[in-house]
Amino acid sequence: MTESAPARVFADRTEACRVLAAEVAELVRSINDAGRPAVLGLATGRTPLPFYAELIRLHRAGDLSFANVISFNLDEYLGLPDGHVESYRAFMQRELFDHVDILPENVHIPDGSVNDISAHCAAYEKAIRDAGGIDFQLLGIGRTGHIGFNEPGSARDSRTRQVHLDPITREDAAPAFGGLEHVPTHAISMGCGTILEARKIALLAWGDAKAAIVKEALTGAITDQVSASFLQEHPDATFYLDAEAGSEL
Ligand code: PGA
C-alpha cells in the first residue's frame, strides 16, 4: 500500500516559509560541512516569493551562504526575447540571485532561446547528474496539478524536454503577460522522473484556489493526469500549506 506524502498545514504562508527556509539552511550547512556543495532545485511563480524573501533574510543575517550551492531551476518559457521580464531567468535574478552570494557559474536555468532543444535538455540532465543529483527540490503546484511544467499526460519517467503548456496554465499566466496572446505556448521543463530523483522535496501551496488540487494530489489516484500525485510515492516529499490550501484535507 502507498502512504500519502505528509502535509504540514501552517497558519499562513509566512510561517510555512520561515520553517522551511530554516530547514533548508540547516540542510545546506550540513552538506557543506560534509565537504560538498549543496544542490538545490528551484521553482518560480508567485508561490515561492515569501520563501525566497526568507532565504534572503537568513543570508543577510549571516545564517545562510550560497557560496557552496549549485542550483537547477525547473523550467523556462520558450521563445521569449532575451531578458524578458517574465522569463524565469529574470525572475530568479530579481527575486533571489541578485541578493545572495551564489556564484553565477553555479546557476542553471533551462535556456529558452536555444536552437537544438533536445541537445540542451540532454546537457541539462547531465549537468544535474554531474553535480551529484539534487539534494532538495522546491515545487509549486499549478491548477492542472503540474509540477514544473509537467502538464497532464506527462509520464512518471519523463525527463527534461520541450513541453506544451496547458490552456489553464496559460490562462493563469495571462495577467502577468498582459493578455493570453502574449503567453508562450511552449516551455522547457525538467521531467517528472528528473524531479522525483531529488533526495528531498517540498511542495508549497497557498490560498483557496489550490485547495482542491492539493487534495487530489495528496489523496487521489496516482496518475499522469496530476503529476504532483507522483509525490505520494516519494520517500521524502512534504507539502507545506497555508490554512486555505490545506482546508480540504
Ligand atoms: P504559482 O504557480 O506559484 O504562480 O501559483 C505555481 C505553478 O504553476 O507551479
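The structure we're discussing is the one just above.
How each quantity is defined
Residues numbered from 1 in each chain as written. Predicted model: local features only at pLDDT ≥ 70, side-chain atom pairs only at ≥ 80, totals over all residues. Heavy atoms only, no water. Helix = DSSP H or I, 4+ residues; strand = E, 2+ residues; numbered from the N terminus. Rg over C-alpha atoms; globule rule 2.2 N^0.38 Å. Buried < 20%, exposed > 50% of the residue type's maximum accessible area, 1.4 Å probe, protein only. Contact = heavy atoms within 4.5 Å. Areas by Shrake-Rupley, 256 points an atom, 1.4 Å probe, with all protein chains shown as cover. Lys, Arg positive; Asp, Glu negative; His and termini not counted. Charge placed at Lys NZ, Arg CZ, Asp CG, Glu CD. Pairing = 2+ DSSP bridges. Polar contact = N/O pair within 3.5 Å; in protein donor to acceptor, adjacent residues only side chain to side chain. Axes fitted to C-alpha atoms, helices over the stretch in contact; angles between N-to-C directions. Core = buried A, V, L, I, M, F, W, Y, C linked by side-chain atoms within 4.5 Å. Parallel < 35°, antiparallel > 145°, perpendicular 65-115°, else oblique. Nonpolar A, V, L, I, M, F, W, Y, C, P; charged D, E, K, R; others polar. Near = heavy atom within 4 Å. Phe/Tyr/Trp six-rings, centres within 6.5 Å; stacked < 30°, edge-to-face > 60°.

Per the secondary structure count, the chain includes seven helices and 10 strands. Relative to the 2.2 N^0.38 estimate, which gives 18 Å for 249 residues, the radius of gyration of the chain is 17 Å and therefore close to what a compact globule would have. With the principal axes as the frame, the chain shows a C-alpha extent of 45 × 45 × 35 Å. Counting only residues that meet the buried cut, the chain has 53% of its 249 residues in that class. Across the chain, contacts joining residues at least 24 apart in sequence account for 79% of those joining residues at least 6 apart. Per element, the accessible surface of the chain, about 10900 Å² overall, is 51% carbon and sulfur. For the chain, the separation between the mean place of its 21 positive charges and that of its 36 negative charges on side chains is 2 Å.

Moving on to the pairing of strand β6 (residues 136–139). Residues of β6 alternate between two faces, with Phe136 and Leu138 on one and Gln137 and Leu139 on the opposite face, all of them buried. As judged from the two bridges shared by strand β2 (residues 38–42) and β6, these two strands associate in the parallel manner. Note that in β6 the partner of leucine 40 across the bridge is phenylalanine 136. Sheet topology places β6 next to strand β9 (residues 200–205); four bridges connect them, and they run parallel.

Assignment of secondary structure puts asparagine 150 in the loop between β6 and β7 (161–164). Of the polar contacts made by the side chain of asparagine 150, one reaches the side chain of arginine 161; its length is 3.0 Å.

Structurally, proline 48 can be placed in the loop between β2 and α2 (49–60). According to the relative accessible area criterion, proline 48 is buried, its value standing at 4%. Among residues more than four places away in sequence, those in contact with proline 48 are Ala43, Leu138 and Leu204.

Glancing now at the sheet that holds strand β4 (residues 75–77). The three strands are arranged β4-β8-β7 in an open sheet whose pairing can be described as antiparallel. Taken across any chain shown, the strands that pair with only one partner, and hence form the sheet edges, are β4 and β7. Across the sheet, the mean angle separating the axes of adjacent strands is 30° when strand polarity is ignored. Alignment of β7 against strand β8 (residues 186–189), held across four bridges, turns out to be antiparallel. Paired with arginine 161 across the two strands is serine 189, which belongs to β8.

We now examine the nonpolar core. Judged by nonpolar contacts, the single largest core of 67 residues is most densely connected at Phe51, Leu96 and Leu231. Here the element with the most residues in this core is helix α1 (residues 13–33); it accounts for nine residues. If we ignore the near neighbours within four places in the chain, the residues touching phenylalanine 51 are Cys17, Leu20, Ala21, Val24, Leu138 and Leu204. Counting 11 residues, the second-largest nonpolar core is a separate cluster that includes Tyr77, Leu80, Ala174 and Val183.

A separate point is the packing of α2 against helix α3 (residues 88–95). Packing of α2 against α3 leaves a shortest axis separation of 10 Å and a crossing angle of 40°. In terms of their interaxial angle, α2 and α3 are classed as oblique. Contacts between α2 and α3 involve Leu49, Tyr52 and Ile56 from the first element and Phe91, Met92 and Glu95 from the second. Residues that form the contact of α2 with α3 fall into these classes: five nonpolar, no polar and one charged.

With that out of the way, let us pick up the site of the ligand. Residues in close proximity to the ligand include Gly45, Arg46, Thr47, Gly140, Ile141, Gly142, His146 and Lys210, which together make up its full environment. At 2.7 Å from an oxygen atom of the ligand is found a side-chain nitrogen or oxygen belonging to lysine 210. The protein chains hide 80% of the 280 Å² of surface that the ligand would expose on its own. Partitioned by chemical class, the residues of the shell around the ligand number one nonpolar, five polar and two charged.

Taken as a whole and judged by the stated rule, the model has seven aromatic pairs. Relative to tyrosine 240, the ring of phenylalanine 10 lies with its centre 6.0 Å away and its plane at 5°, an arrangement referred to as stacked. You can see phenylalanine 10 sitting in strand β1 (residues 7–10) and its partner tyrosine 240 sitting in strand β10 (residues 237–242), a full 230 residues away along the chain. Both residues of the pair, phenylalanine 10 and tyrosine 240, count as buried. Each ring, one from phenylalanine 72 and one from tyrosine 124, has its centre 5.7 Å from the other, and the planes form 90°; the classification is edge-to-face. With phenylalanine 72 in strand β3 (residues 69–73) and tyrosine 124 in helix α4 (residues 117–130), the pair connects residues that are 52 residues apart, well separated along the chain. A residue is classified by how much of its surface remains accessible, and phenylalanine 72, at 0% relative accessible area, is buried. For tyrosine 124, a relative accessible area of 5% puts it in the buried group.

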